[in-house]
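Given next are the chains, with one letter for each unit.
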Amino acid sequence: MAQEDLFKKLVAHCKEYGYVFQSSEIYDGLAAVYDYGQYGVELKNNIKKYWWDSLVRLHENVVGLDSAIFMHPTIWKASGHVDAFNDPLIDNKDSKKRYRADVLIEDQMAKYEAKIKKEVEKAKKRFGDSFDEAQFVSTNPRVLANQEKLDKLHGRFVKALNDSDLVELRQIIVDEEIVCPISGSKNWTDVRQFNLMFSTEMGSTSESANKIYLRPETAQGIFVNYLNVQKSGRMKIPFGIAQIGKAFRNEIVARQFIFRMREFEQMEMQFFVPPGSELEWFETWKETRMKWHRALGFGDEKYRFHDHDKLAHYANAATDIEFEFPFGFKEVEGIHSRTDFDLESHQEYSGKKLQYFDPETNKNYVPFVVETSIGVDRMFLQIISAAYSEETITKEDGSTDSRVVLKLPPALAPVKLAVFPLTKKDGLPEKARTIMHELKFEFNCQYEEKDSIGKRYRRQDAIGTPFCITIDHQTLEDDTVTIRHRDSMKQDRIHWTKLQEIIQEKVSMRKLFETIAE
Ligand code: GAP
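Residues numbered from 1 in each chain as written. Predicted model: local features only at pLDDT ≥ 70, side-chain atom pairs only at ≥ 80, totals over all residues. Heavy atoms only, no water.

## Some remarks on the domain arrangement of the protein chain
Partitioning the protein chain into structural domains gives domain 1 (1–80 + 196–389), domain 2 (86–195) and domain 3 (415–517). Summarising the inter-unit geometry, the C-alpha centres of domain 1 and domain 3 are found 36 Å apart. Facing 16 residues of domain 1, the contacting portion of domain 3 comprises 11 residues. Summing both partners gives a buried area of about 1200 Å² for domain 1 against domain 3, and 71% of it is carried by carbon and sulfur. Across the domain 1-domain 3 interface, the total number found is 0 salt bridges. Applying the counting rule to domain 1 against domain 3 returns 3 residue pairs in polar contact (both at pLDDT 80 or more). Of all elements in the fold, only helix H2 (38–57) and helix H11 (278–294) reach the threshold of two or more residues within the side of domain 1 that touches domain 3. Per element, the largest residue contribution to the side of domain 1 that touches domain 3 is 7 residues, and it comes from H2. Looking at the side of domain 1 that touches domain 3, its residues break down into 8 nonpolar, 4 polar and 4 charged. (Domains from an automatic or database assignment. Contact = heavy atoms within 4.5 Å. Buried area = accessible area lost by both parts, 1.4 Å probe. Salt bridge = Lys/Arg side-chain N within 4 Å of Asp/Glu carboxyl O. Polar contact = N/O pair within 3.5 Å; in protein donor to acceptor, adjacent residues only side chain to side chain. Helix = DSSP H or I, 4+ residues; strand = E, 2+ residues; numbered from the N terminus. Nonpolar A, V, L, I, M, F, W, Y, C, P; charged D, E, K, R; others polar.)

Here you go:
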């Protein structure tokens, strides 16, 4: 199936099965804002728990915080967001559509990459086991030509970004003959900077009203509380502060479902370290965070690091963890060595000292910071994209059937088990309810008695429920039930009192945490 079709199906699936809805749908929606349905909110909560516990519970020197969304407006001056939190935008004069100039160029680079990948895939098929990929990409004329174009474009793009050269960005779009996907024309305006922060007013009268911003990142709430946490928690450097919360950006182009939203949620951790040790800690957190992603078992090849071409104004090193979405490798998480930029700047603007006294050296210093920052919604999309699967099943009589199954990691699945009485009579529903009553104290369970067992299995597969438990007439005699495993569809007959132990072992986050700690 073409990746574009797969993505469309995935979006439709999220709506049909109560994962994600367009915000304000009955009023025709609000662009780039989404609501999470009954299963979506459970998956989101589980993602947040996986992140929070892996940092705050498993690291003695990482603690949590929940700072307010509204903050003093000077914070955004100090952080650089008022002056520099911009994206370069460009309009197509024919379609009147607005684009991010950098994204148009990145998409063009992705096209060259895709052409190279296609050549490699074709050759792989042609040559089979004897295929030498390294040799092929270094000698094939079509690959070399595309690689040359890609390298040249990349060089120009990085230089233009680093020089903040908006004229050159436009020229690249013109030279590469990039067309508007809507009008198909190359009739572009100049490139302009656009600040992404939403603002509103605080105060009841126009004289007293103060312009304030909806935070575009949660990180600043951590920086301005750094000393409160350090002193009240008697924290010793190195230590981290983790926070989960909403962030808002007036994205120029909001595309790809929940990938780029105007209201979204971030999970950010700022790790405070002695000056000079930040690049070592940067490497440590890169590795730890990559392990956190890979522990979910979607395949190591689905992830890669992508070092930033242009460092943000606060960073001396930065990389993204990218995941291969149906629309290509894209950023899920950013890891940044933010130097002492933020704390120094808040010291300057607030006039308050934000230093750390090191009892070992008897010296005061402003700590350096390594940040890990991941979007909950993007992580959600990563998981749903990797888990969505369409399968053809061959039945015992040789006939075929199909199913859509969300192969979610059991620890993250919204519903852990569904309980089905085989029929609605003979005391089976009562027995099923008794068993479910015991299990619901441990797991998120669902009871279903409508439709055939086959249909009920399909519904739970589509939601991603890892276990289905069927109560039949034999259960009434010997207290055994069948437990059906979502991915293998294998069924076992076991005593129902064994259910808790078996399910617990599979749905607990412990295994994931052990993998990360290895
Ligand atoms: N404090 C650093 C920071 O905010 P960022 O790279 O701009 O860095 C971090 O954002 C993460 O937040 C991204 O990797 C992405 O997962 C998520 N994110 C950023 N903008 C987003 C948007 N418009 N919609 C959804 N997620 C977004």
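## Overview of helix H5 (residues 101–127)
With 27 residues, H5 should reach 39 Å at 1.5 Å per residue; the first-to-last C-alpha distance of 40 Å fits that figure. Listed in full, the buried residues belonging to H5 are Ala 101, Asp 102, Val 103, Leu 104, Ile 105, Gln 108, Met 109, Tyr 112, Ile 116, Glu 119, Val 120 and Ala 123. At its buried positions, H5 is contacted by strand E4 (86–91), strand E5 (98–100), helix H6 (133–139), helix H7 (141–162) and helix H8 (166–175). (Expected span 1.5 Å × (residues − 1). Buried < 20%, exposed > 50% of the residue type's maximum accessible area, 1.4 Å probe, protein only.)

## Digging into the sheet that holds strand E3 (residues 62–65)
The 7 strands are arranged E3-E9-E10-E16-E13-E12-E11 in an open sheet whose pairing can be described as mixed. Taken across any chain shown, the strands that pair with only one partner, and hence form the sheet edges, are E3 and strand E11 (303–307). Each adjacent strand pair in this sheet contributes to an overall mean axis angle of 25 degrees, direction not counted. When E3 meets strand E9 (residues 239–248), the two strands line up parallel, connected through 4 bridges. Residue Val 63 lies in a different strand from E9, and its bridge partner there is Ile 241. Across the face of the sheet, H11 comes into contact with strand E10 (263–273), E11, strand E12 (317–325), strand E13 (328–339) and strand E16 (368–375) while running at roughly 150 degrees to E13. (Pairing = 2+ DSSP bridges. Axes fitted to C-alpha atoms, helices over the stretch in contact; angles between N-to-C directions.)

## Some remarks on the packing of H5 against H8
Where H5 contacts H8, the two axes come as close as 10 Å, and the packing angle between them is 40 degrees. Classed by the angle they form, the pair H5 and H8 counts as oblique. Of the two possible hands of crossing, H5 and H8 adopt the one that is left-handed. Taken together, the residues of H8 that come into contact with H5 (itself represented by Ala 101, Leu 104 and Ile 105) are Leu 169, Ile 172 and Ile 173. (Parallel < 35°, antiparallel > 145°, perpendicular 65-115°, else oblique. Left-handed = near helix turned anticlockwise from the far one by under 90°.)

## A look at H7
The end-to-end C-alpha distance of H7 is 32 Å, a good match for the 32 Å that 22 residues give at a rise of 1.5 Å each. Three or more residues of H7 are buried, namely Val 143, Asn 146, Leu 150, Leu 153, Phe 157, Val 158, Ala 160 and Leu 161. Across the axial projection of H7, the buried residues extend over an arc of 155 degrees, all falling on one side. Exposed and facing more than 90 degrees away from the buried side of H7 are Pro 141, Glu 148, Lys 152 and Lys 159. Turning to H7, the residues buried within the fold contact H5, H6 and H8. (Arc of directions from axis to C-beta.)

## A short note on the pairing of strand E21 (residues 467–471)
With 5 of 5 residues buried, E21 is to be regarded as a mostly interior element. For strand E19 (residues 417–421) and E21, the ladder comprises 5 bridges, and the chain directions are parallel. When the sheet's bridge partners are listed, Phe 420 is paired in E21 with Thr 470. In the sheet, E21 pairs with strand E22 (residues 480–485) via 4 bridges, with the strands oriented antiparallel. Paired with Thr 470 across the two strands is Thr 482, which belongs to E22.

## Topic: the sheet that holds E5
Strands pair in a sheet through their backbones, by hydrogen bonds, and they do so in one of two ways: parallel or antiparallel. Spatially, 3 strands are ordered E5-E4-E6 in an open sheet, and the strand pairing comes out antiparallel. Each having just a single partner strand, E5 and strand E6 (192–195) make up the two edges of the open sheet. In this sheet, adjacent strand axes meet at a mean angle of 50 degrees when their direction is disregarded. Sitting on the sheet, H5 touches E4 and E5, and the angle it makes with E5 is about 65 degrees. Against the sheet, H8 touches E4 and E6, its axis set at about 45 degrees to E4.

## A look at the site of the ligand
Residues in close proximity to the ligand total 21 residues, the closest being Glu 217, Met 261, Glu 268, Glu 331 and Val 332. Val 332 places a main-chain nitrogen or oxygen 2.7 Å from an oxygen atom of the ligand. A distance of 2.9 Å separates an oxygen atom of the ligand from a polar atom in the backbone of Gly 375. Taking 560 Å² as the accessible area of the ligand by itself, protein coverage stands at 93%. Elements that contribute at least two residues to the shell around the ligand include exactly E10, E13 and E16. Broken down by element, the shell around the ligand gets its largest block of residues, 6 residues, from E13. Its residues assigned to classes, the shell around the ligand comprises 6 nonpolar, 5 polar and 10 charged. (Near = heavy atom within 4 Å. Areas by Shrake-Rupley, 256 points an atom, 1.4 Å probe, with all protein chains shown as cover.)

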